[in-house]
Amino acid sequence: MLSRVAENIYWLARYIERAEDTARLLSVNSHLLLDLPRPTKLGWSEIIAITGNDELFDELYDSRDEANVLSFMCGDVRYSGSILSSLAAARENLRTTREIIPREIWEEINQLYLNVKEQVEAGITPRRRDAFLSRVIRSCQTVNGLVEGMLSYTQARTFLMLGRQLERADMTTRIIDVRSANLLPRSPDDLTPFENLQWMSVLKSLSGFQMYRQHVRLRIRGPDVLQFLLQDRRFPRAVACSLERLAIALKSLPMHEAALEEVETCRTHIANAEIIRMAAEPDLLHEFVDEIQIDFDELHEAIRKTYFDQQDEAGQSQTQASGQSQSQSQSR
């Protein structure tokens, strides 16, 4: 497969996963705030922190209220990680690889992009917000379902898997990092009245609430949630599971040694994480997540250098602009 085509497919998967995770995060956050009393510290500012684009947001908006955050995250084309920007980038990457990807996948992504663009231009009011976010989530899941049922087990499917799993692991760690800063108690006696409700929102933002109850069979507690989302190998959105699937996909490709070594480094750090200690000391958790983010950046670089950083016939690099990944893969 041409490096240009492989890279487009890789980024197609990352952008679809990014759009879905962003919509899910916004939806769960809005529902959580309805359940919490007004004096609580949680709000919309943490959503911006998850993206790692605080400086860009503060340049474009004067306050981190609900309307501005939703505008930035849903439809601001100046932010490359917004839902609209992600879908536009996914659509463009797919447009250049339509001879490889089934037509039904192109139609679903194209229709979703057009619908989102239309709704953003019309304005996403509080009354229409839930329907808008649900539409994005369902359509992204439909795309993944079409991939599972229609795309042959070729290298195209492998690069889709690489992009999806890396993006998924990246978002999971970001959500854990920012939410945990507000959720983990500073001392055993410093338990907030709504701690369980907030941890439930973390699980729901990652579609993990029901599976957590099935696998863990304990009441919702911070350390148990952290262990589930970081180390569980059965839940698809857990970091350990994503990395395991990524490793399996890499092994089917040639010249996978360097990238696979980076995956194993990530897996070792996750497996050796001191969950109980980090749950008691939020600063340690933040440092740990920062280290994992650096691991993900190095893994992406290994994939890029091995499979994408090639020259075309004219001698021009086919590597896409670094701005594609800055919204999610930059270290904080």
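Residues numbered from 1 in each chain as written. Predicted model: local features only at pLDDT ≥ 70, side-chain atom pairs only at ≥ 80, totals over all residues. Heavy atoms only, no water.

Participant: Can you explain the packing of helix α12 (residues 239-251) against helix α13 (residues 257-271)? Please cite residues and give values.
Facilitator: Closest axis-to-axis distance for the α12/α13 pair is 10 Å, and the angle between their directions is 160 degrees. As judged from the angle between their axes, α12 and α13 are roughly antiparallel. The two elements α12 and α13 meet at a crossing, and its hand is left-handed. Across from Val239, Ala240, Leu243, Glu244, Leu246, Ala247, Leu250 and Lys251 in α12, the residues of α13 making contact are Ala259, Leu260, Val263, Glu264, Cys266, Arg267 and Ile270. Within the contact of α12 with α13, the residues separate by chemical class into eleven nonpolar, no polar and four charged. (Axes fitted to C-alpha atoms, helices over the stretch in contact; angles between N-to-C directions. Helix = DSSP H or I, 4+ residues; strand = E, 2+ residues; numbered from the N terminus. Parallel < 35°, antiparallel > 145°, perpendicular 65-115°, else oblique. Left-handed = near helix turned anticlockwise from the far one by under 90°. Contact = heavy atoms within 4.5 Å. Nonpolar A, V, L, I, M, F, W, Y, C, P; charged D, E, K, R; others polar.)

Participant: Explain the side chain of Arg168 to me, using residue names and the numbers behind them.
Facilitator: On the secondary structure map, Arg168 appears in helix α8 (residues 155-183). Residues in contact with Arg168, not counting those within four places in the same chain, are Glu17, Asp21, Asn144, Pro236, Arg237 and Ser242.

Participant: Tell me about helix α5 (residues 83-95), residues and numbers included.
Facilitator: Counted at 1.5 Å a residue, the expected span for α5 with its 13 residues is 18 Å, and the 18 Å between its end C-alpha atoms agrees. Of the residues making up α5, those classed as buried are Ile83, Leu84, Ser85, Ser86, Leu87, Ala89, Ala90, Asn93 and Leu94. (Expected span 1.5 Å × (residues − 1). Buried < 20%, exposed > 50% of the residue type's maximum accessible area, 1.4 Å probe, protein only.)

Participant: So, the pattern of salt bridges: which residues are in play, and what are the values?
Facilitator: Pairing is possible between side chains that carry opposite charge, provided their charged atoms lie close to one another. Taken as a whole and assessed by the stated rule, the structure comprises 25 salt bridges. Between Arg164 and Glu148 there is a salt bridge, and its shortest N-O distance comes to 3.4 Å. One end of the pair, Arg164, is in helix α8; the other, Glu148, is in helix α7 (residues 126-150), and 16 residues separate them in sequence. According to the relative accessible area criterion, Arg164 is buried, its value standing at 9%. Of the charged contacts in the structure, one is a salt bridge between Asp232 and Arg234, with a shortest N-O distance of 3.5 Å. By relative accessible area, Asp232 is classed as buried at 11%. A single salt-bridge network, built from bridges that share partners, covers Glu17, Glu20, Asp21, Arg24, Arg168 and Arg237. (Salt bridge = Lys/Arg side-chain N within 4 Å of Asp/Glu carboxyl O.)

Participant: Go over unusual backbone geometry with me, naming the residues and quoting the values.
Facilitator: Backbone geometry at Ser207 places phi at a positive 60 degrees, although glycine is not the residue there. At Met255, a residue that is not glycine, the phi angle is positive and equals roughly 55 degrees. Its location among the elements puts Met255 in the loop between α12 and α13. The exposure class assigned to Met255 is exposed, which follows from its relative accessible area of 55%.

Participant: Outline helix α6 (residues 103-122), supporting the account with residue identities and numerical values.
Facilitator: Relative to the 28 Å expected for 20 residues at 1.5 Å per residue, α6 spans 29 Å between its end C-alpha atoms, a close match to the ideal helical length. The set of residues buried in α6 consists of Ile105, Trp106, Ile109, Asn110, Leu112, Tyr113, Asn115 and Val116.

Participant: With reference to specific residues and values, describe the packing of α13 against helix α15 (residues 282-308).
Facilitator: It is at 8 Å that the axes of α13 and α15 come closest, and there the two elements cross at 165 degrees. Overall, the two elements α13 and α15 adopt an arrangement that is roughly antiparallel. In the crossing of α13 with α15, the sense of the turn from one axis to the other is left-handed. For the pair α13 and α15, the contacting residues are Ala258, Ala259, Glu262, Val263, Thr265, Cys266, His269 and Ile270 in the first and Phe288, Ile292, Asp295, Phe296, Glu298, Leu299, Ala302, Ile303 and Thr306 in the second.

Participant: Just give me the short version of the side chain of Thr173, but keep the residues and values in it.
Facilitator: Here Thr173 shows up in helix α8. Overall, the relative accessible area of 2% leaves Thr173 in the buried class. Those residues in contact with Thr173 that sit more than four places away from it in its chain are Val239, Val289, Ile292, Gln293 and Phe296.

Participant: Pulling in residues and values, what's your account of the confidence of the model for the protein chain?
Facilitator: Per-residue confidence for the protein chain averages 85 on the pLDDT scale, and 86% of its residues sit at or above 70. Highest mean pLDDT in the protein chain belongs to α12 (97); lowest belongs to helix α16 (residues 323-329) (45). (pLDDT = per-residue confidence, 0-100.)

Participant: Tell me what's going on with the packing of aromatic side chains, and back it up with residues and numbers.
Facilitator: Taken as a whole and judged by the stated rule, the model has eleven aromatic pairs. When the centroid spacing of 5.5 Å and the interplanar angle of 80 degrees are considered together, the rings of Phe159 and Tyr307 count as edge-to-face. You can see Phe159 sitting in helix α8 and its partner Tyr307 sitting in helix α15, a full 148 residues away along the chain. The residues Phe159 and Tyr307 share a single accessibility class, namely buried. Their ring planes at 25 degrees and their centres at 5.0 Å tell us that Phe228 and Phe235 sit as a pair that is stacked. The same class applies to Phe228 and to Phe235, which are both buried. Pairwise contacts between aromatic rings join Tyr10, Trp11, Tyr15, Phe159, Tyr307 and Phe308 into one cluster. (Phe/Tyr/Trp six-rings, centres within 6.5 Å; stacked < 30°, edge-to-face > 60°.)

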